[in-house]
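# Descriptive analysis of the structure
One-letter residues, chain by chain:
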Amino acid sequence: MQAHQRMLDPTPNGLHSGESPLLQTLGLTKRYGDFLANDSIDIDIWPKEIHALLGENGAGKSTLVKSIYGLIQPSAGEIRWQGGRIMLSGPSEARSRGIGMVFQHFSLFDNLTVAENVALGLDGKESFKDMSARLEQVSKTYGLPLDPKREVWQLSVGERQRIEIVRALMQDPKFLILDEPTAVLTPQEADQLFIVLERLKAEGRAILYISHKLEEVKRLCDTATILRGGKKVDTCNPRLETAASLARMMVGGEIKEVKAAAGRKTTVPRLVVNDLSLAPAEAHGVRLEHISFELKGGEILGIAGVAGNGQDELFAALSGERLSKDPGTVVIEGIAAGHLSITQRRKLGAAFVPEERLGHGTAPRMKLSENALLTGHAASGMVNHGFIDTAATLKTVDRATETFDVRKAKRDPEAASLSGGNLQKFIVGREILRNPAVLVVSQPTWGVDAGAAAVIRQALLDLATAGAAVLVTSQDLDELAEIADRIAVMFHGHLSAPLATVDASREKLGLLMGGSSLEPKEAAHAVGA
Amino acid sequence: MQLVLEKRAERSNTIALVSPLIAIGLTIVTMTILFAILGKNPLLALHAYFIAPLTDSYSLQEIAVKATPLVMIAIGLSLCYLANAWNIGAEGQFLIGAVAGSWIAVKTQGTDAGAWVLPAMFVLAAAAGALYALIPAICKVKFGASEILTSLMLVYVADLFLDYLVRGPWRDPQGFNFPTTAEFDPVATVPLLIEGGRLHLGSIIALLVVAAAAILLGRTIKGFEIRVVGAAPRAARFGGFNANQLIILTFAVSGALAGLAGIIEVAGPVGHLQPGISPGYGFTAIIVAFLGRLNPLGILIAGLFLALTFIGGEQAQIAMKIPLDVTKVFQGILLFYVLACDSLILYRFKLVFPNRQVASGTH
Ligand SMILES: Nc1ncnc2c1ncn2[C@@H]1O[C@H](COP(=O)(O)OP(=O)(O)OP(=O)(O)O)[C@@H](O)[C@H]1O
Ligand SMILES: [Mg+2]
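Residues numbered from 1 in each chain as written. Chains lettered and ligands numbered in written order. Predicted model: local features only at pLDDT ≥ 70, side-chain atom pairs only at ≥ 80, totals over all residues. Heavy atoms only, no water.

## Focus: the interface of chain B and chain A
Contacts between the two partners involve 27 residues from chain B and, on the opposite side, 41 residues from chain A. For the pair chain B and chain A, the two sides together bury roughly 2,800 Å², of which 57% comes from carbon and sulfur. Summed over the shared surface of chain B and chain A, the number is 1 salt bridge. Between E370(A) and R227(B) there is a salt bridge, with its nearest N and O atoms 2.8 Å apart. Here chain B is connected to chain A by 7 residue pairs in polar contact (both at pLDDT 80 or more). Of all the secondary structure elements, the ones that give two or more residues to the side of chain B that touches chain A are β1 (2-7), α7 (201-219), α8 (221-231), α9 (233-238), β2 (347-352) and α14 (354-361) of chain B. (Contact = heavy atoms within 4.5 Å. Buried area = accessible area lost by both parts, 1.4 Å probe. Salt bridge = Lys/Arg side-chain N within 4 Å of Asp/Glu carboxyl O. Polar contact = N/O pair within 3.5 Å; in protein donor to acceptor, adjacent residues only side chain to side chain. Helix = DSSP H or I, 4+ residues; strand = E, 2+ residues; numbered from the N terminus.)

Here it is in structure tokens:
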């Protein structure tokens, strides 16, 4: 390993004041086979700094922070902590040195309390009682209210993330890594998170912050390091850049705008839901209450709402993962399908993209071609007399790769080895390439970079233009505003009447998402006016 | 200082391949110690177990004969285990298959029934094994009863049922009151492959079963279904695969294979129905399935290896007066190590120094 001599990344205030960075990587490289996920990356993190790590899906962001947190061993290069070289044997060593991490996907047990979950994640030998007291104290100090005795299933996504953050803070880290923390949060929850992060920074800690939301990076971060294709391309001050210029650095070119075709015509109803009520399958689920809507060919209906208000249950009822006793509750292509299995619904021309990529949309340890077969076996000519046509499954992989620019280390890797955004592109591609008549998709661009998100949204629009009916569930109101014709809101298992997107102001949607109905408020307004 | 298991970030494929070998190595080390404690010369004992049986044609044939039921049963079990259905009762399905097939042999005894007898015995044995395996499967699907317990309990039912038959209604009148049926007629006997040898047609059937399983798992949608239901249940449901139907199917197939193995054993090497026709094939096959990594080819190799321990155990008993039960101890230790080594695919050992933790906790 050669000794690196190089320029240091700038500190937030432009001064190095003679000290060394809190954490430094020198020529950090991670190789998977012939594939360079991280190619000789130099990065400096200073105390009192919020440092953004930006890049397209598959640029190598998660790989880099996993090396820093000791989850994977780098192939070459070194990590310096407070000036000295360290070799991490694993995450517990990283934690004991003062490096904390909050993952995008939470690792919490639903049936345990907050305190029990925190206890499971700590390395110390503290008694449960001391730990609970400290938990309460930390959560109070940072304005992250948590009731240690509540069970996790009762909590919202934002509250669950709070547990992870508090758990990390209880180790008193000098350096905290957050991998796409706001991907799953509502705007309000994100704002609360930013206050906490500012405060951590003021205390002298450093934060490494991965996000695809460039506006929030501009608002929050002091420095931004941009990765492209595993290499570092630049380090800059995001406040002096625009979202567009940051995106250009990430992509190395312009991002296409999403364009709706001018003359999109709606045709016959292709997905109709009639008074669908369904008791929850799980103890902690949401009951669906009298849901009705009609979706025509050529139309995109958006469903907004805070996560956990019945969206998952609605998806299961539409896909056929849960059956309803009354066939007429779900009508696909004019055929009562409430009692039909997911395979039969696929044969009617429906396609589904669930929210959870790993473990639901794909089998993580299986190859992409096998995951193409997972949903394609029903109606895509991949099976002959019970035998798998491997060439056909591989062709689907290749076509999805090409059409949606899925970046991966080899032709047919395991699903779990793809970066989050690239796997999402594969899953969406797999379904769209079947030319479905009805597409039901949840969180289509969750954790997907701006360029790829544009590609996916465009594909949804094109699908509708070609005559399909598209139902999109998303927490991202901007996304719905961009592609949906109408937007309805899900709250406590009820679905509001859809609003035309032009009429669906943020205020109106916000009210609906909070559970108030529009009519009385509007009436009150009218009286007041 | 403390030893802890830590989850690996990446699944170790190397260990996935070598873990059966590590397990065998550790087992042999443990056995060496055990032989020493028993006061036997470990080197001679290991030689008797693992080398001697490979040196003469009779023992080699005998290994293939013993491996036949092990492989057939383990193939069926591997389908269950891949689909997350835990059939522990193959021993019972083996016995019931043996009984059902023997019924035809007993009833046609001394008549001039033709060549249809043996195929009919095979079919009936397989059907009976499948039906017997369906009891725990249906209890699981309909009532949520643990298939591990129910399938295991049914082993004893089958065992006692067989015992009753050969001591009662089916006992050979000329058998000097031994609990056994009369020797089966030639048409009810599995043909030998080598005149005067031990190798019989069953071994060919076992090879066909291995090939069929390899094709099923590698090339067909059903095989894919089995693998995906076990590996990612939620994704499987999303794919439209029904886990409950698969429990029924895999139990039925593994029961059929165990039942077939049972009648082949009775109508082949044994020649008549009697208690003790199985030295625990149905249980040893569980070890074979896991040692073979639930892979058809792996199971074939593992089946031959465990058959070797049966033959080796017999030779060690004759030559060195090592009790036969030591073979069972050996197999138990082997299963223990196989499962332990499997966890190393996803976890690794790590030494933790608590004093360092405390020191760093105070910053
Ligand atoms: N275990 C692995 N085996 C092979 N390739 C891998 C493995 N893990 C990651 N990769 C590859 O490394 C590249 C970088 O992945 P990484 O997860 O770091 O991307 P990312 O920048 O975090 O993307 P995203 O924004 O989508 O989360 C990807 O192309 C991925 O396919
Ligand atoms: Mg990532």
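Having put the structure on the table, let's press on.
## Digging into the domain arrangement of chain A
Residues and elements named next belong to chain A. Examined at the domain level, chain A breaks down into domain 1 (2-251) and domain 2 (269-362 + 437-528). Computed over C-alpha atoms only, the centres of domain 1 and domain 2 are separated by 33 Å. At the junction of the two partners, domain 1 supplies 13 residues and domain 2 supplies 11 residues. Summed over both partners, the interface of domain 1 with domain 2 comes to about 1,200 Å²; 57% of that surface belongs to carbon and sulfur atoms. Connecting domain 1 to domain 2 are 0 salt bridges. Counting across the domain 1 and domain 2 interface gives 1 residue pair in polar contact (both at pLDDT 80 or more). Residues belonging to the side of domain 1 that touches domain 2 are distributed by class as follows: 4 nonpolar, 7 polar and 2 charged. (Domains from an automatic or database assignment. Nonpolar A, V, L, I, M, F, W, Y, C, P; charged D, E, K, R; others polar.)

## So, the site of ligand 1
All names here are of chain A. Around ligand 1 sit 19 residues, and of these G58, K61, S62, T63 and G421 come closest. Residue N57 places a side-chain N or O atom 2.8 Å away from an oxygen atom belonging to ligand 1. Between ligand 1 and the protein, one listed contact pairs an oxygen atom with a backbone N or O atom of S417 at 3.1 Å. Coverage of ligand 1 by the protein chains reaches 88% of its 650 Å² of free accessible surface. Secondary structure elements with two or more residues in the shell around ligand 1: β2 (35-45), α1 (61-68) and α13 (420-432). In terms of residue count, the dominant contributor to the shell around ligand 1 is α1 (3 residues). Broken down by class, the residue content of the shell around ligand 1 amounts to 5 nonpolar, 10 polar and 4 charged. (Near = heavy atom within 4 Å. Areas by Shrake-Rupley, 256 points an atom, 1.4 Å probe, with all protein chains shown as cover.)

## Focus on the packing of aromatic side chains
All names here are of chain B. Applying the stated criterion to the full structure yields 16 aromatic pairs over all chains. For the pair F336 and Y337, a centre-to-centre distance of 5.4 Å together with 65 degrees between the ring planes defines the contact as edge-to-face. In this structure Y337 comes out as buried when scored by relative accessible area, which is 18%. Put simply, the rings of F35, Y49, F50, F305 and F330 pair up and form one aromatic cluster. (Phe/Tyr/Trp six-rings, centres within 6.5 Å; stacked < 30°, edge-to-face > 60°. Buried < 20%, exposed > 50% of the residue type's maximum accessible area, 1.4 Å probe, protein only.)

## Considering the nonpolar core
Of all hydrophobic cores here, the largest spans 100 residues; its most connected members are I73(B), Y81(B), M121(B), L273(B), F305(B) and L334(B). Residues contacting M121(B), with those up to four places away along its chain left out, are G101(B), I104(B), A105(B), F184(B), A188(B), I263(B) and A267(B). A453(A), L461(A), A484(A) and A235(B) belong to the second largest nonpolar core, which has 65 residues in total. (Core = buried A, V, L, I, M, F, W, Y, C linked by side-chain atoms within 4.5 Å.)

## Some words on the packing of helix α11 (residues 368-376) of chain A against α8(B)
Put simply, α11(A) and α8(B) touch, their axes get as near as 11 Å, and they point 105 degrees apart. Judged by the angle between their axes, α11(A) and α8(B) are roughly perpendicular. Contacts between α11(A) and α8(B) involve E370(A), L373(A) and L374(A) from the former and I221(B), F224(B), R227(B) and V228(B) from the latter. The residue makeup of the contact of α11(A) with α8(B), split by class, is 5 nonpolar, no polar and 2 charged. (Axes fitted to C-alpha atoms, helices over the stretch in contact; angles between N-to-C directions. Parallel < 35°, antiparallel > 145°, perpendicular 65-115°, else oblique.)

## Describing the pairing of strand β10 (residues 231-236) of chain A
Here is the key point about a regular strand: its side chains alternate between the two faces of the sheet. Residues and elements named next belong to chain A. Note: strand β9 (residues 223-228) against β10, 5 bridges, orientation antiparallel. Pairing of R228 across the sheet is with K231, part of β10. Where β9 folds back onto β10 in an antiparallel hairpin, the turn is made up of 2 residues, including G229, whose phi is positive at roughly 55 degrees. (Pairing = 2+ DSSP bridges.)

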